[in-house]
Protein chains: 2
Amino acid sequence: MANARPDQRLNKKIYESRVPALREQLVQLQVRLKEAPCKVLLIFAGEEAGGRGEVINTLSGWLDPRGFETVAFRQPSDEERERPLMWRFWRCLPANGRLGIFAGSWYTELLRAQATDTPKSSEVARHYERIRHFEKLLSDNGTLIIKVWLHLSKTDQRIRLAELAANPDTAWRVTDAARRQHRLHDRLSRSATRLRQATDRPGAPWTVIDAADPRQRNLEVANLIIKKLAAHLTRIEATPPTPPRAVPPKSLKPAGLARLLALPLDQKLSSVEYEAKREKWLGRLHLATRAAQAAKRSIVFVFEGWDAAGKGGAIRRLTSAIDAQDYRVIPVAKPTDEEKAHHYLWRFWRHVPRAGLVSIYDRSWYGRVLVERLEGFCTEPEWRRAFGEIDDFEKQLTDHGTIVVKFWMQISREEQLRRFREREETTYKRHKINAEDWRNRRKWAAYEIAVGDMLALTDTPAAPWHLIPANNKRHARLQILKTAAKAIEEALGL
Amino acid sequence: MANARPDQRLNKKIYESRVPALREQLVQLQVRLKEAPCKVLLIFAGEEAGGRGEVINTLSGWLDPRGFETVAFRQPSDEERERPLMWRFWRCLPANGRLGIFAGSWYTELLRAQATDTPKSSEVARHYERIRHFEKLLSDNGTLIIKVWLHLSKTDQRIRLAELAANPDTAWRVTDAARRQHRLHDRLSRSATRLRQATDRPGAPWTVIDAADPRQRNLEVANLIIKKLAAHLTRIEATPPTPPRAVPPKSLKPAGLARLLALPLDQKLSSVEYEAKREKWLGRLHLATRAAQAAKRSIVFVFEGWDAAGKGGAIRRLTSAIDAQDYRVIPVAKPTDEEKAHHYLWRFWRHVPRAGLVSIYDRSWYGRVLVERLEGFCTEPEWRRAFGEIDDFEKQLTDHGTIVVKFWMQISREEQLRRFREREETTYKRHKINAEDWRNRRKWAAYEIAVGDMLALTDTPAAPWHLIPANNKRHARLQILKTAAKAIEEALGL
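Keep in mind that this is a model prediction, so the values were computed, not measured.

Reading the values: rules and limits
- Residues numbered from 1 in each chain as written.
- Chains lettered and ligands numbered in written order.
- Predicted model: local features only at pLDDT ≥ 70, side-chain atom pairs only at ≥ 80, totals over all residues.
- Heavy atoms only, no water.
- Helix = DSSP H or I, 4+ residues; strand = E, 2+ residues; numbered from the N terminus.
- Buried < 20%, exposed > 50% of the residue type's maximum accessible area, 1.4 Å probe, protein only.
- Contact = heavy atoms within 4.5 Å.
- Lys, Arg positive; Asp, Glu negative; His and termini not counted.
- Charge placed at Lys NZ, Arg CZ, Asp CG, Glu CD.
- Salt bridge = Lys/Arg side-chain N within 4 Å of Asp/Glu carboxyl O.
- Patch = residues over 30% accessible without salt bridge, like charges linked within 9 Å, V, L, I, M, F, W, Y side chains within 5 Å.
- Areas by Shrake-Rupley, 256 points an atom, 1.4 Å probe, with all protein chains shown as cover.
- Phe/Tyr/Trp six-rings, centres within 6.5 Å; stacked < 30°, edge-to-face > 60°.
- Lys NZ or Arg CZ within 6 Å of the ring centre and 35° of its normal.
- Expected span 1.5 Å × (residues − 1).
- Bend = angle between axes of the 7 residues up to and from the residue.
- Pairing = 2+ DSSP bridges.
- Axes fitted to C-alpha atoms, helices over the stretch in contact; angles between N-to-C directions.
- Parallel < 35°, antiparallel > 145°, perpendicular 65-115°, else oblique.
- Left-handed = near helix turned anticlockwise from the far one by under 90°.
- Nonpolar A, V, L, I, M, F, W, Y, C, P; charged D, E, K, R; others polar.
- pLDDT = per-residue confidence, 0-100.
- Least-squares fit on C-alpha atoms with pLDDT ≥ 70 in both.
- Disulfide = S-S within 2.5 Å.
- Polar contact = N/O pair within 3.5 Å; in protein donor to acceptor, adjacent residues only side chain to side chain.

Caption draft 1: Spotlight on the overall build of chain A. Scanning chain A from terminus to terminus reveals 21 helices and 10 strands. Overall size of chain A, expressed as C-alpha extent along the three principal axes, is 90 × 50 × 40 Å. Residues classed as buried in chain A amount to 55% of the 494 residues present. Restricting to contacts in chain A with at least 6 residues of sequence separation, those with at least 24 account for 82%. Of note, chain A has its 86 positive side-chain charges centred 1 Å away from the centre of its 62 negative side-chain charges.

Given below as structure tokens:
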């Protein structure tokens, strides 16, 4: 585009005459957004002096402040550094019905690195991949992602910097770093182009807006938001909500079901033998978790299994080897309304442990491909996507150094019946059983198929499934202690 | 109490025969707790080697892990250090229906300080005061606080340390620090006694349990919890929930109402004059917030006022002076279900800004003494207590260095009517007005009384109320910019 010297710019009067209509449209769209089951991310990046801050301040003045939040990212805090890279972005996502303006984002660090040194291309590629996954996950979930690149040619940048420097109110913005970026304009522009190409995807496309004329730029940004948001809301509003409908599942990958059914369930273990071995493995597990803590490696345990398979009891035995201050049991029940206003993985990201600590998920994100799949609480595309999203989530954990240990506790249908009856007869266990448990039990075969698919599709080298035969409680508990200790020892190279 | 040498201790068989009944009672109480509108804090402290970790691990094995969480406090993270001291405890409070086991607590730092050096007695006294306030606030809100001191006499401590050292599995626990604490036993015991005396209050009493015999100790802890929790639940269950009932208020302190009514509302300000002065004060405010940020001082703005008083517009003008990355507008609407499961201040503590950042509350904790008082959403004792709790909350902010600036935007009843009608006639403002606004308007006189009490009872030197006449929007906005700039400048000594 042509350089926009001050005398070629949009006239202030014309600009001001156009603003009220844009504001009205923006606020009207915010009203519609408030009721919609989706959120909007507005991500700004661009050349130095492109006016990211000005655009955001202008938009903030136009939008209803109740419906948006501006998010910035400075140096990661220690709580953030102790978690996988994307944790800090997950925690800042707006809830459904809201708009998040990202002054900084998952692009900021990358752009900063490109401006100050030359990051390894393999690292850059990995970062692109991470971003594409994240944005796809959000966009698949209905999030509208608007990415705006505020572009300044080298000449326009020179003009803008000179203008800023000439005004005593803004001169402070023309820092040495800004001048350096101006000198490097061409190289930075080229890497920015590559970055945009690598991360321009359906559902998360970049829009480049020429930022040479600040007023024109503001109008273009507002028009872009209006156009995209209106189209998005119209599409969402036209989609009728799908009422939950239980669907009899078909196996996606029968190998998992076969593995499940082949598991021998009726091991014997005398209580004497159990107690002797338990002490040994509790000790090993204790030492392993202490070693993990010393190495600042955190641990995530996932407990899944049939109702009454003995998850609670197994967790209690496991935790008895860990200092109570170092672990946290996360019981996963129905999501809260804050959790429902987010992607289903959000509530698990929330509880990702800090360095050296242990999170034990009593049920987990696998609910998406088990109960939610079977009861129709999510759509088929949603639970189908979940397999990949979960793999990616767990990979982020393990890439960060977190040790992920997943258990499926398997009992026979007859054993479950025996335990249900026992629970009903034991006063202090009666609260553990309700009508829903009996209802789920009737769908045993359907659940088996879903469990099989889960085992087949989310069994990764970094986060494999451990199948635990659990008809014999002692045997199951011992095997869990043993598996946990060995998994941690192996991860630590002990 | 008598020393409990190993041969004098409770027999293992007897111990094990008593456990099942205790477990059953504990789990039954957890079932009742789950439905109760209250939470339980179980706080452990005590002499070195008293077995805090063992007790917590034992309890963890007995309780249903879905209903409790163990909380520990290590070195504060940077996110924690940048907020008032108690922020880290607020964020770890369990939700209603749950039990929080505090392995560390607001006592930990104090006890550690007493063990390693001699903290100033004025500081200790202030810390005691802070703790008493916090525990009173929680207990007033229905929280059951059980504080257990696991006591070991010097002789018993020697015996326990020798036992730990003799066992290869536990020898690591006998650290130099532990030996040092043993040498200092008498002095530490004396300061611990003072600490317990200073913080033993109705609603938050200490119970000292002799920890010389570990089995006996475990039983006593469990029995204590059972006794206290049963009594607490019985009391709570016997209290029928109070349905909301709007109550015509009587003024508690008429001076506030008089101040409100004496405010002249109809200032004039030409748009030319406004624009000239606005630029000046926006500049001052901009520089002031930047100076605050450089000094790592955070700022909390509170906007309260009648419906249609112009809070949104004033906030937009205010924020135009601040970099969008540095502020966050917190719109306060109905609490979410997670927020409802906590003390009403919890949801405001959540958003206390990090060092150098700005939180703008669009409505605030004052809802407790305004809408909640008038509509009967809380009981009279609750809103009466709120005045003091709010003062205390704001004092914690200002003591920490946070600059608190509170605005009440005052308009006349006639002006409100004019604005309501205008809103109904303007398309893009129509969403701002609903039946509830008209309902509240009918209670104008009642709200005036509540506002008056609020102004009179929460106007503190560190966090004074700024009354803003707001019939004239320009005048109001300008005065807010001016007041904000001056308040920050003054706090910074500029």
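On we go from here.
Caption draft 2: Here's a closer look at the pattern of salt bridges. As enumerated under the stated definition, the model contains 81 salt bridges over all chains in all. The closest approach of N and O atoms between Arg368 of chain A and Glu372 of chain A, which form a salt bridge, is 2.9 Å. On the accessibility criterion, Arg368 of chain A (8% relative accessible area) is buried. Where Glu375 of chain B meets Lys443 of chain B, a salt bridge forms, and the shortest distance between an N and an O atom there is 2.7 Å. With Glu375 of chain B in helix α16 (residues 371-375) and Lys443 of chain B in the loop between α19 (435-442) and α20 (444-457), the pair connects residues that are 68 residues apart, well separated along the chain. Judged by its relative accessible area of 14%, Glu375 of chain B is buried. Exposure remark for Lys443 of chain B: the relative accessible area of 28% places this residue in the partly exposed category.

Caption draft 3: Representation of unusual backbone geometry. All names here are of chain B. Residue Lys296 is not a glycine yet carries a positive backbone phi of 60 degrees. Tracing the chain through its elements places Lys296 in the loop between α12 (271-294) and β6 (299-305). Of the residues examined, Lys296 reaches a relative accessible area of 62% and is grouped as exposed. Phi at Arg363 is positive, roughly 70 degrees, even though this residue is not glycine. Mapped onto the elements, Arg363 comes out in the loop between β8 (358-362) and α16.

Caption draft 4: Region of the structure containing the environment of Ala476 of chain A. Here Ala476 of chain A shows up in helix α21 (residues 473-492). Excluding residues that lie within four positions of it along the chain, Ala476 of chain A makes contacts with Met409, Ile468, Pro469 and Ala470 of chain A.

Caption draft 5: Here's a closer look at the environment of Tyr128 of chain B. All names here are of chain B. The topology assignment puts Tyr128 in helix α6 (residues 121-140). The spacing of Tyr128 and Leu110 is 18 residues in sequence and 9.2 Å in space, taken between C-alpha atoms. The residues touching Tyr128, leaving out its near neighbours within four places in the chain, are Leu110, Gln114, Ser191, Arg194, Leu195, Ala198 and Thr199.

Caption draft 6: Region of the structure containing a positive patch on the surface. Residue and element names in this part refer to chain A. Positive charge collects at one region of the surface, where Arg180, Arg183, Arg187, Arg190 and Arg194 lie side by side. Of all the elements in the fold, those that place two or more residues in the positive patch are α8 (176-183) and α9 (185-199). Along the chain, Arg187 falls in helix α9.

Caption draft 7: Structural view of the packing of aromatic side chains. Summed over all chains, the structure comprises 46 aromatic pairs over all chains. It is Arg196 of chain A that lies over the ring of Trp149 of chain A; its NZ or CZ is 4.9 Å from the centre.

Caption draft 8: Main features of helix α17 (residues 380-399) of chain B. All names here are of chain B. Its 20 residues place the ends of α17 29 Å apart at the C-alpha level, agreeing with the 28 Å of an ideal helix rising 1.5 Å per residue. Its maximal kink placed at Ala386, α17 deviates by approximately 35 degrees. Among the residues of α17, Trp383, Ala386, Phe387, Glu389, Ile390, Asp392, Phe393, Glu394, Gln396, Leu397 and Thr398 are the ones counted as buried. At its buried positions, α17 is contacted by α6, β6, α15 (346-349), α16, β9 (403-410) and α20. Where α17 ends, the next residue or the one after it, Gly401, has phi of about 105 degrees, a positive value.

Caption draft 9: Structural view of the pairing of strand β5 (residues 206-210) of chain B. Residue and element names in this part refer to chain B. Of all 5 residues that make up β5, 4 are buried, and the element is covered over most of its length. The pairing of strand β4 (residues 144-151) with β5 spans 5 bridges and is classified as parallel. The residue bridging Trp149 from the neighbouring strand is Val208, located in β5.

Caption draft 10: Region of the structure containing the sheet that holds β8 of chain B. Residues and elements named next belong to chain B. Reading across the sheet, the 5 strands line up as β7-β8-β6-β9-β10 and stay open at both edges, with parallel pairing between neighbours. Pairing within the sheet leaves two strands with one partner each, and these edge strands are β7 (327-331) and β10 (465-469). Across the sheet, the mean angle from the axis of one strand to that of its neighbour is 20 degrees, orientation sign disregarded. Note: β6 against β9, 7 bridges, orientation parallel. Across the sheet, the residue bridging to Phe303 is Phe407, located in β9.

Caption draft 11: Layout of the packing of helix α7 (residues 154-166) of chain B against helix α8 (residues 176-183) of chain B. Residue and element names in this part refer to chain B. Relative to each other, α7 and α8 sit at 155 degrees, their axes nearing to 10 Å. Considered as vectors, α7 and α8 are oriented roughly antiparallel to each other. As α7 runs across α8, the sense of the crossing is left-handed. For the pair formed by α7 and α8, the contact residues are Lys154, Gln157, Arg158 and Leu161 on the first element and Ala178, Gln181, His182 and Arg183 on the second. Class assignment of the residues belonging to the contact of α7 with α8 gives a composition of 2 nonpolar, 3 polar and 3 charged.

Caption draft 12: Representation of the confidence of the model for chain A. Residue-level pLDDT values for chain A average 93, and 99% of them are 70 or greater. In the predicted complex, the global pTM is 0.88; the interface-specific ipTM is 0.82.

Caption draft 13: Structural detail: α7 of chain B. Residues and elements named next belong to chain B. Along its 13 residues, α7 runs 18 Å from first to last C-alpha, staying within 8% of the 18 Å computed at 1.5 Å per residue. Those residues of α7 lying buried are Asp156, Gln157, Ile159, Arg160, Leu161 and Leu164. Lining the buried residues of α7 we find α2 (52-62), α8, α9 (185-199) and α10 (214-238).

Caption draft 14: Examining the relation of the copies chain A and chain B more closely. In the superposition of chain A on chain B (RMSD 0.0 Å, axial shift 0.0 Å), the rotation amounts to 180 degrees. One copy is carried onto the other by what is essentially a two-fold rotation axis. Comparing interface residues between copies, 100% of those in chain A also sit at the interface in chain B, which points to an isologous, same-surface contact.

Caption draft 15: Quick look at the state of the cysteines. Residues and elements named next belong to chain A. Summed over all chains, the structure comprises 0 disulfides over all chains. Considering cysteine sulfurs only, Cys38 is the nearest to Cys378, which forms no disulfide, with 18 Å between them. A relative accessible area of 8% places Cys378 in the buried class.

Caption draft 16: A look at the interface of chain A and chain B. Tallying the contact residues gives 54 residues for chain A and 54 residues for chain B. Where chain A packs against chain B, one counts 9 salt bridges. Counting across the interface, chain A meets chain B through 21 residue pairs in polar contact (both at pLDDT 80 or more). Mapped by element, the contributors of at least two residues to the side of chain A that touches chain B are α1 (12-34), α2 (52-62), β2 (68-71), α3 (78-81), α12 (271-294), α13 (311-319), β7 (327-331) and α14 (337-340) of chain A. Of all the elements, α2 of chain A adds the most residues to the side of chain A that touches chain B, at 6 residues. Taken together, the residues of the side of chain A that touches chain B sort by class into 16 nonpolar, 14 polar and 24 charged.

Caption draft 17: Structural context of the pairing of strand β2 (residues 68-71) of chain B. All names here are of chain B. Side chains of β2 alternate between two faces, with Phe68 and Thr70 and Glu69 and Val71 buried alike. Here β2 pairs with strand β3 (residues 99-102) via 4 bridges, running parallel. Directly across from Phe68, in β3, lies its bridge partner Leu99.

Caption draft 18: Geometry of the side chain of Glu489 of chain A. All names here are of chain A. Looking at the element boundaries, Glu489 is found in helix α21. With relative accessibility at 14%, the residue Glu489 sits in the buried group. With residues up to four places along the chain from it excluded, the contact list for Glu489 reads Arg284, Ala288 and Leu494.

Caption draft 19: How the structure looks around the sheet that holds β7 of chain A. Residues and elements named next belong to chain A. Spatially, 5 strands are ordered β7-β8-β6-β9-β10 in an open sheet, and the strand pairing comes out parallel. If you trace the sheet from one side to the other, it starts and ends with β7 and β10 (465-469), each paired once. Direction aside, the axes of adjacent strands within the sheet are offset by 20 degrees on average. With 5 bridges joining them, strand β9 (residues 403-410) and β10 adopt parallel strand pairing. Counted as the bridge partner of Lys406 is Trp465 from β10. The strands that α13 touches are β6 (299-305), β7, β8 (358-362) and β9; relative to β6, the one it contacts most, it runs at about 155 degrees.

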